Amino acid sequence: MKITMAHGSGGQSSAQLMSDIFGKYFNNEILGRMEDAAVLEVGGAGASAEAGASEAAPGPARIACSTDSFVVTPLEFKGGDIGKLCVCGTVNDLLMMGAVPKYLTCGFILEEGLDIDILDRLVASMAKQAEEAGVKIVAGDTKVVEGKGGLYINTTGIGEIPAGRDVSSSNAKAGDAIIVSGNLGDHHACILSHRMEIENDIRSDCAALGDVVGALFEAGIHVHTMRDVTRGGLGTVINEIAGSSGVRVELEEEAIPVHEDVRGFADILGLDPLYMGNEGKMIAVVPAEEAEAALAAMRSTEHGKDAALIGTISEGAGAFLRTRLGATRRFDVLYGEGLPRIC
Amino acid sequence: MEIREIIDYLKNYDGRPLKLMEVCGTHTAAIFKNGIRDLISPKIKLISGPGCPVCVTPTAYIDACVDFAKDADHELLTFGDMMKVPGTGGSLSDNKSQVNVTVMYSPFEAIEKAKADPDKVIGVAAVGFETTVPAYGLMLREARKQGIENIRLITALKTVLPALEWICENQSDVDGFICPGHVSVITGVHVYDEMAAKYGKPFVVAGFEAEHILACVYRIVRQIQAGENQTENLYRNAVRDDGNARALEVIREVFETGSATWRGLGEIPDSGLYLRGEYAAYDGGSRGLSEDMELPAACRCGDVIVGRINPDQCPMFGKGCSPMDPYGPCMVSAEGSCGIWYRNVH
């Protein structure tokens, strides 16, 4: 068997590749949790044991660590570029563990023929986004390979998890509510429009979600789970949470926010916004009694202004959608790579 | 009539068990997406028909596409869902390192590419039903007008009507048909009249919203109860009773009918469309592609395509055949009934 594009789609094929190859050799308890970012305990393990007598003594510090590689065509698109994307993507992965992003490293693979002016613009964009997100870029590497003028960037991020936060894909509980931070499918539709040379006003949602996450914690919400909704879309993320937390998730179809331009675009191409990729959207799973407060907190931010309450969690298993007309259907993770259909 | 009343009626239906066939894959997808089965009585069974052009394409066609694209002077354009359909020597996707294939979004891309690179021959994998045929016709009309010669169509274009006739002849237990919306835009609705009369079954054309499909099911059930067998058009904002005259004219100008092989159904006379007359020079070897792969004994592809069994009744469903590693094309395509069932029911 050979690698196909589906292995990079973020759906079932990607998961299979993870477990069949990487999971087989890199197996350890931290990686095994399969979270957006690894949570590491550093320093102070011994010290805290020694200071065990004092209740006020801090435990070991927890840091979150995540790495991501960015490959996108075109390099610049409406609403962003690969420079902005590679900061936002990794910063969001850290945020989803409840961490405060601090540092980034970056690795550039440049293809021969890349225009230096473009590189300059992309790196400037990266620096600007890093400053906005409050992260320092502290190490880097550059390699040049033969090719057609393309560019790939890897970023690794480190963040601190403040004491008292316990956010994990496996923490969703029966009775919780699910909130999505805004409209789905914008990035996917924007990139596809560029590639298909379709003129429209759809912009990528590429953004760092520090304001949304910050607002949740400032409002004192007891956030159980956060996930950024990237490749594979909401459908895949919801199924992963249902699996990791051992719960049943039910979404209200009509509550899921999709911009009408994106909905029209998706309809024509036979794509389902439920499985379309985003680069600046997240879901938060919170106790039902805090749902309204959490929604208000998210809506008070720039990147969460279209937030919506989209579903609930109950005991059981699997991911279900309650349709507009009141039917209930099960939905699964993304299979394959979501190709535009023939007719 | 309000949609709630229709749902109430269909939910509480307690007459004889009915089997209705949705012919078009887009309907199958919409039925799942909207949870329609959950809204109607279990006595009304919806079964999927042969309405996915990818799914009824025989292996020989995929092999012809792979062979064409292996030539260094050729570039093959195809819609995305053909990439993973298995051929004798693997799919286009499996052969990606050896073939020159580009996923297209419109057949007209062939004209730009052919003009930009006159030394290259641009192939177009033209697969589809009446809905997509006019686009290929218009593209070739334009190519001919501009004197472009380096375009070849490898066609697996089919017309739905002969397949419906086949089902009426061979599967008498289908009680009524949810007729394909997109195809009917081109053909109009009168094309179903003769079959409705001959086989005594209702043929109702529907759009793709949940309300359209429910209204269509409702009308079929009411017709059956009243002992009627009419053609009805419930998709009036898109489908004219006489069809699209301009599109039909393009089809007649560029194509002629001929025998075609449908996976699962076999060879059906006059169900294929092939380039005719002056346009025949653009044919990249489309005729006679009837060979289909030897399917494993457990594969029930043929029964699925004609609605004899539901996809999950096939022993290979999810066991040796899945969207990640499809055996039959019905599992590959977004419009294929097996793929739709797998994504929704699995």
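Values in this document were obtained by computation on a predicted structure and should not be read as measured data. (Residues numbered from 1 in each chain as written. Chains lettered and ligands numbered in written order. Predicted model: local features only at pLDDT ≥ 70, side-chain atom pairs only at ≥ 80, totals over all residues.)

Trainee: Lay out the overall build of chain B with the relevant residues and their values.
Mentor: Counting its regular elements, chain B contains 13 helices and eleven strands. Against the compact-globule benchmark of 20 Å for 346 residues, chain B has a radius of gyration of 20 Å, which places it among compact chains. Per-residue burial over chain B gives 53% buried out of 346 residues. Put simply, of all contacts in chain B between residues at least 6 apart along the chain, 77% involve residues at least 24 apart. (Helix = DSSP H or I, 4+ residues; strand = E, 2+ residues; numbered from the N terminus. Rg over C-alpha atoms; globule rule 2.2 N^0.38 Å. Buried ≥ 20, exposed ≤ 12 C-beta atoms within 10 Å, placed from the backbone. Contact = placed C-beta atoms within 7 Å.)

Trainee: Provide a residue-level description of the overall build of chain A, including the pertinent values.
Mentor: A count of helices and strands for chain A gives nine helices and 14 strands. Taken over C-alpha atoms, the radius of gyration comes to 20 Å for chain A, in line with the 20 Å a tight globule of 343 residues would show. Its C-alpha atoms give chain A principal-axis dimensions of about 65 × 55 × 45 Å. Here the contacts in chain A between residues at least 6 apart in sequence split such that 83% fall between residues at least 24 apart.

Trainee: Explain the interface of chain B and chain A residue by residue, including any values.
Mentor: Taken together, the contacts link 31 residues of chain B with 24 residues of chain A. Among the elements that make up the side of chain B that touches chain A, the one with the highest residue count is helix α3 (residues 36-39) of chain B (three residues). Its residues placed into classes, the side of chain B that touches chain A shows 16 nonpolar, ten polar and five charged. (Nonpolar A, V, L, I, M, F, W, Y, C, P; charged D, E, K, R; others polar.)

Trainee: Go over the pairing of strand β11 (residues 282-287) of chain A, please, and point to the residues and values.
Mentor: Residues and elements named next belong to chain A. Where burial is concerned, most of β11 is hidden: five out of the six residues are buried. Of the strand pairs in this sheet, strand β8 (residues 176-180) and β11 are connected by five bridges, and their pairing is antiparallel. When the sheet's bridge partners are listed, isoleucine 178 is paired in β11 with valine 285. Pairing of strand β9 (residues 225-228) with β11 involves four bridges; the strand directions are antiparallel. By the bridge assignment, threonine 225 is partnered in β11 with valine 285. (Pairing = 2+ DSSP bridges.)

Trainee: Pulling in residues and values, what's your account of the nonpolar core?
Mentor: One finds Cys65(B), Ile178(B), Ile213(B), Leu214(B) and Val217(B) to be the most contacted residues of the largest nonpolar core, which totals 113 residues. Ranked by residues supplied to this core, first place goes to helix α10 (residues 210-225) of chain B with nine residues. Those residues in contact with Cys65(B), other than ones at most four positions away along the chain, are Leu76(B), Leu92(B), Ala125(B) and Ile154(B). Within the second largest apolar cluster, 88 residues are counted, among which are Leu75(A), Val223(A), Val247(A) and Ile283(A). (Core = buried A, V, L, I, M, F, W, Y, C linked by C-beta atoms within 7 Å.)

Trainee: Account for the domain arrangement of chain A, with residues named and values stated.
Mentor: Residue and element names in this part refer to chain A. Along its sequence, chain A is carved into domain 1 (62-165) and domain 2 (176-330). Taken over C-alpha atoms, the centre of domain 1 sits 23 Å from the centre of domain 2. Those elements that place two or more of their residues in the side of domain 1 that touches domain 2 are α3 (82-95) and α4 (116-133). Examining the composition of the side of domain 1 that touches domain 2, we find that nine residues originate from one element, α3, more than from any other. Residues that form the side of domain 1 that touches domain 2 fall into these classes: ten nonpolar, eight polar and four charged. (Domains from an automatic or database assignment.)

Trainee: Explain the environment of Gly318(B) to me, using residue names and the numbers behind them.
Mentor: Mapped onto the secondary structure, Gly318(B) falls in the loop between α12 (301-305) and α13 (337-345). Sequence separation between Gly318(B) and Gly339(B) is 21 residues, and the spatial gap between their C-alpha atoms is 10.0 Å.

Trainee: Break down helix α7 (residues 160-170) of chain B for me, citing the residues and quoting the values.
Mentor: Residue and element names in this part refer to chain B. All buried positions along α7 are accounted for by Val160, Ala163, Leu164 and Ile167. All buried residues of α7 lie within an arc of 100° about the axis, which places them on one face of the element. For α7, the exposed residues lying more than 90 degrees away from the buried face are Glu169 and Asn170. (Arc of directions from axis to C-beta.)

Trainee: Can you break down unusual backbone geometry residue by residue, with the values?
Mentor: All names here are of chain A. The amide bond that connects threonine 73 to the next residue, proline 74, takes the cis arrangement and shows omega of 0°. Among the structural elements, proline 74 can be located in the loop between β2 (61-70) and β3 (76-77). Even without being glycine, methionine 34 reaches a positive phi, approximately 50°. In this structure methionine 34 comes out as partly exposed when scored by C-beta crowding, with 15 C-beta atoms within 10 Å. Not every positive phi belongs to a glycine, and glutamate 197 is a case in point at roughly 55°.

Trainee: Outline the sheet that holds strand β10 (residues 255-262) of chain B, listing residues and values.
Mentor: Residue and element names in this part refer to chain B. One open sheet accounts for six strands, arranged β4-β3-β5-β6-β11-β10; its pairing is mixed. Of all the strands in the sheet, the pair left with one neighbour each is β4 (101-103) and β10. Taking each pair of neighbouring strands and ignoring which way they run, the sheet shows an average axis angle of 25°. Across seven bridges, strand β5 (residues 121-128) lies against strand β6 (residues 151-158) in parallel orientation. By the bridge assignment for β6, isoleucine 122 is matched with isoleucine 151. Of the strands in this sheet, β3 (74-78), β4, β5 and β6 touch helix α4 (residues 59-70), which is tilted by about 140° from β3. (Axes fitted to C-alpha atoms, helices over the stretch in contact; angles between N-to-C directions.)

Trainee: Outline the environment of Glu315(A), listing residues and values.
Mentor: Residues and elements named next belong to chain A. Relative to the helices and strands, glutamate 315 resides in the loop between β12 (308-314) and β13 (318-322). Along the backbone, glutamate 315 and alanine 208 are 107 residues apart, and their C-alpha atoms lie at a distance of 33 Å. With sequence-adjacent residues up to four places away left out, glutamate 315 is seen in contact with Ala174, Val247 and Arg248.

Trainee: Got a sec to walk through the sheet that holds β13(A)? Specific residues and values, please.
Mentor: Residues and elements named next belong to chain A. Read from one edge of the open sheet, seven strands run β9-β11-β8-β12-β10-β13-β14, paired in mixed fashion. Taken across any chain shown, the strands that pair with only one partner, and hence form the sheet edges, are β9 and β14 (328-330). Neighbour-to-neighbour, the strand axes of the sheet open up by a mean angle of 25°, direction not taken into account.

Trainee: Give me the packing of helix α2 (residues 25-33) of chain B against α13(B): which residues, what numbers.
Mentor: When two helices pack together, their arrangement is given by the angle between the helix axes and the distance between those axes. All names here are of chain B. Packing of α2 against α13 leaves a shortest axis separation of 10 Å and a crossing angle of 10°. With respect to each other, α2 and α13 are oriented roughly parallel. On α13, the residues that touch Gly25, Thr28, Ala29 and Phe32 of α2 are Ser337, Ile340 and Asn344. When its residues are assigned to classes, the contact of α2 with α13 shows three nonpolar, four polar and no charged. (Parallel < 35°, antiparallel > 145°, perpendicular 65-115°, else oblique.)

Trainee: Which residues make up the pairing of β5(B), and what values go with them?
Mentor: All names here are of chain B. By the criterion of burial, β5 is predominantly enclosed, with seven of the eight residues buried. For β3 and β5, the ladder comprises four bridges, and the chain directions are parallel. Across the sheet, glutamate 75 pairs through a bridge with isoleucine 122, a residue of β5.

Trainee: Before we move on, can you summarise the packing of helix α1 (residues 3-11) of chain B against α10(B) with the specific residues and values?
Mentor: Residues and elements named next belong to chain B. The geometry of α1 relative to α10 is characterised by a closest axis approach of 10 Å and an angle of 50° between their N-to-C directions. The angle between α1 and α10 falls in the class oblique. The two elements α1 and α10 cross, and the hand of that crossing is left-handed. When α1 is examined against α10, the residues Ile3, Ile6, Ile7, Tyr9 and Leu10 are found in contact with a partner set consisting of Glu211, Leu214, Ala215, Val217, Tyr218 and Val221. Along the lines of polarity and charge, the residues of the contact of α1 with α10 split into ten nonpolar, no polar and one charged. (Left-handed = near helix turned anticlockwise from the far one by under 90°.)

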